[in-house]
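# Examining the three-dimensional arrangement
Residues per chain, in single letters:
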Amino acid sequence: MQIAEVPPPLEVEPSRRIFGLETEFGLHVVAPGSRPITPEEVAGHLFHSVVQWGRSSNVFLTNGSRLYIDVGAHPEYATAECDTIEDLIALDKAGERIVQDLVAEGEQRLREAGVDGQIHLYKNNTDSAGNSYGCHENYLLRRRADFAGFGRQLLPFLVTRQIVTGAGCITRTPEGAHYSFSPRADHMWEGMSSATTRSRPMINTRDEPHANAELYRRMHVIVGDSTMAQPTTLLKVGSTDLVLRLLEARVLMPDLTLAKEMQAIRDVAHDLTGQATVELADGSRMTAVQVQQAFLDAVKSHVGDVIERTDEVDSILDLWQRGIDAVRTQDFSSIDTELDWAIKHKLLMRYQDKLQCELDDPRLARLELAYHDVSPERGLANRMEAQGLIRTLVSEEAITRAKTTAPETTRAHLRGRFVREALASGRDFTVDWVHLKFTGQESRTVLLKDPFRYEDERVDMLLGTLSQ
Ligand SMILES: Nc1ncnc2c1ncn2[C@@H]1O[C@H](COP(=O)(O)OP(=O)(O)OP(=O)(O)O)[C@@H](O)[C@H]1O
Ligand SMILES: [Mg+2]
């Protein structure tokens, strides 16, 4: 394999970061009276058109993102590298639209195969069989960072951030049902490790930076819930980014190391009052509200020095504080159009009241599921957004553009251009996060080790060969 010479990395401001979100979607068919049908068969029909143009069920799109079928027949969409949270939200929402666009043809092909059914795609974290699937967050870090130390300091933050950024869920137990902050919390097995399947950790430490490994690492956070409401995504990624910025600047942070992370994440999830305490390594106890407030205070005290004040930083801090206050005061009205768990809680309480039923009533379970349906018509979150009941941060035009166009200020721009022009030319090609190549012996592989570089002569030359 010939590899074109790699240019030196760009000098970028230390505050610039690359973000990416990976989402696994739940796939479900409603086909009463039909023959048995496996998830693999449904996934095959759903991805038929993708395989037609991409010759694989694992493709990169013109928006720089990756779309594929993961184990367990879950469609997965991994956003392209973004260097702003606004781009990330637009690309994340674009992913919902992209998978939903496959549904009509998938249903048509199902009918041809003798199954008259509706395909539903859910951006949620558990299925009815109790399996859990995730939304993974990726944050670029500088290599000199003390990765393990950062992870340890980040864990108390990740364990407790669910009180603001959780998706909310009805938890059923032998003693009855209750509402919890996070559907993902019960499915985490350990704090940090390099395995995702065997023992599901909150931070995956596998060292695969998808970038120049001498300069960068990728923090792969797998404890988060999939978020529907755009402000929840902003807060989830934005607050984590701000805490990482403090760690990178090595400012003194309170030591909130937890004694038992797994116990803590479950206790916090199941206590909507925010009063349950977690045990710290030094034997003291704090509530989740106090832990989150300590992180928020640390961040606030460095706005103006370590953290540059921007409108976005202000809106993250404002929502973060309102979220904590809502749990502390048990008055959720100031966040119930912005934070998923509170939006869903309000919706479910209203229907429970109307139906005069218990919380474990199947009609409420259906409502909860419908919240996560990515269909614009059937999905409740989407319909609530359209009615102004859920706040949005990016325009529908920006989301539509993000379905086909990559962010302009990261490596994804080069990948998007390459995929677009290669598809138009009909030449076979292979692409991943760091490589671009036309298939064939004579073609060079372009190695894109710098995720911040969005212009590159080698890519121009490679694409120039198309017109020769
Ligand atoms: N250098 C980087 N820093 C941070 N995020 C990155 C970087 N390069 C790529 N990403 C993001 O990481 C995510 C990678 O998703 P993908 O599902 O392909 O990866 P993976 O976690 O490596 O693998 P898998 O899911 O197959 O185990 C994407 O969202 C992408 O935008
Ligand atoms: Mg992945």
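Remember, predicted model here, so these are calculated numbers, not experimental data.

Calculation notes
Residues numbered from 1 in each chain as written. Chains lettered and ligands numbered in written order. Predicted model: local features only at pLDDT ≥ 70, side-chain atom pairs only at ≥ 80, totals over all residues. UniProt positions renumbered as here; feature names shortened; annotations may be inferred. Helix = DSSP H or I, 4+ residues; strand = E, 2+ residues; numbered from the N terminus. Buried ≥ 20, exposed ≤ 12 C-beta atoms within 10 Å, placed from the backbone. Contact = placed C-beta atoms within 7 Å.

### What about the UniProt feature "active site" (unreviewed entry) in the chain?
Those residues carrying the UniProt feature "active site" (unreviewed entry) are Asp 70 in this numbering. Residue placement: Asp 70 occurs in strand S4 (residues 66-70). Of the residues examined, Asp 70 has 16 C-beta atoms within 10 Å and is grouped as partly exposed. Setting aside residues no more than four positions away along its own chain, Asp 70 makes contact with Glu 24 and Glu 76.

### Looking at the environment of Ile 265
You can see Ile 265 is positioned in helix H8 (residues 261-269). Residue class for Ile 265 comes out buried when judged on the 28 C-beta atoms lying within 10 Å of it. Beyond its immediate sequence surroundings of up to four residues, Ile 265 is in contact with Val 159, Ala 185 and Met 188.

### Quick look at the environment of Phe 157
Among the structural elements, Phe 157 can be located in helix H5 (residues 147-160). With 101 residues separating them in the primary sequence, Phe 157 and Leu 258 have C-alpha atoms 10.0 Å apart. Apart from residues no more than four positions distant in its own chain, Phe 157 is found in contact with Val 243 and Phe 295.

### Some thoughts on the UniProt feature "binding site: Mg(2+)" (unreviewed entry) in the chain
In this structure's numbering, the residues bearing the UniProt feature "binding site: Mg(2+)" (unreviewed entry) are Glu 22, Tyr 68 and Glu 76. In terms of the greatest pairwise C-alpha distance, the residues named above, spread along 55 residues, form a tight cluster of at most 10.9 Å across. Take Glu 22: it is sitting in strand S1 (residues 19-24). C-beta crowding within 10 Å serves as the criterion here: with 20 such atoms nearby, Glu 22 is assigned to the buried category. Apart from residues no more than four positions distant in its own chain, Glu 22 is found in contact with Glu 76, Ala 78, Cys 135 and His 136. Note on placement: Tyr 68 falls in strand S4. Residue classification places Tyr 68 among the partly exposed positions, given that 17 C-beta atoms sit within 10 Å.

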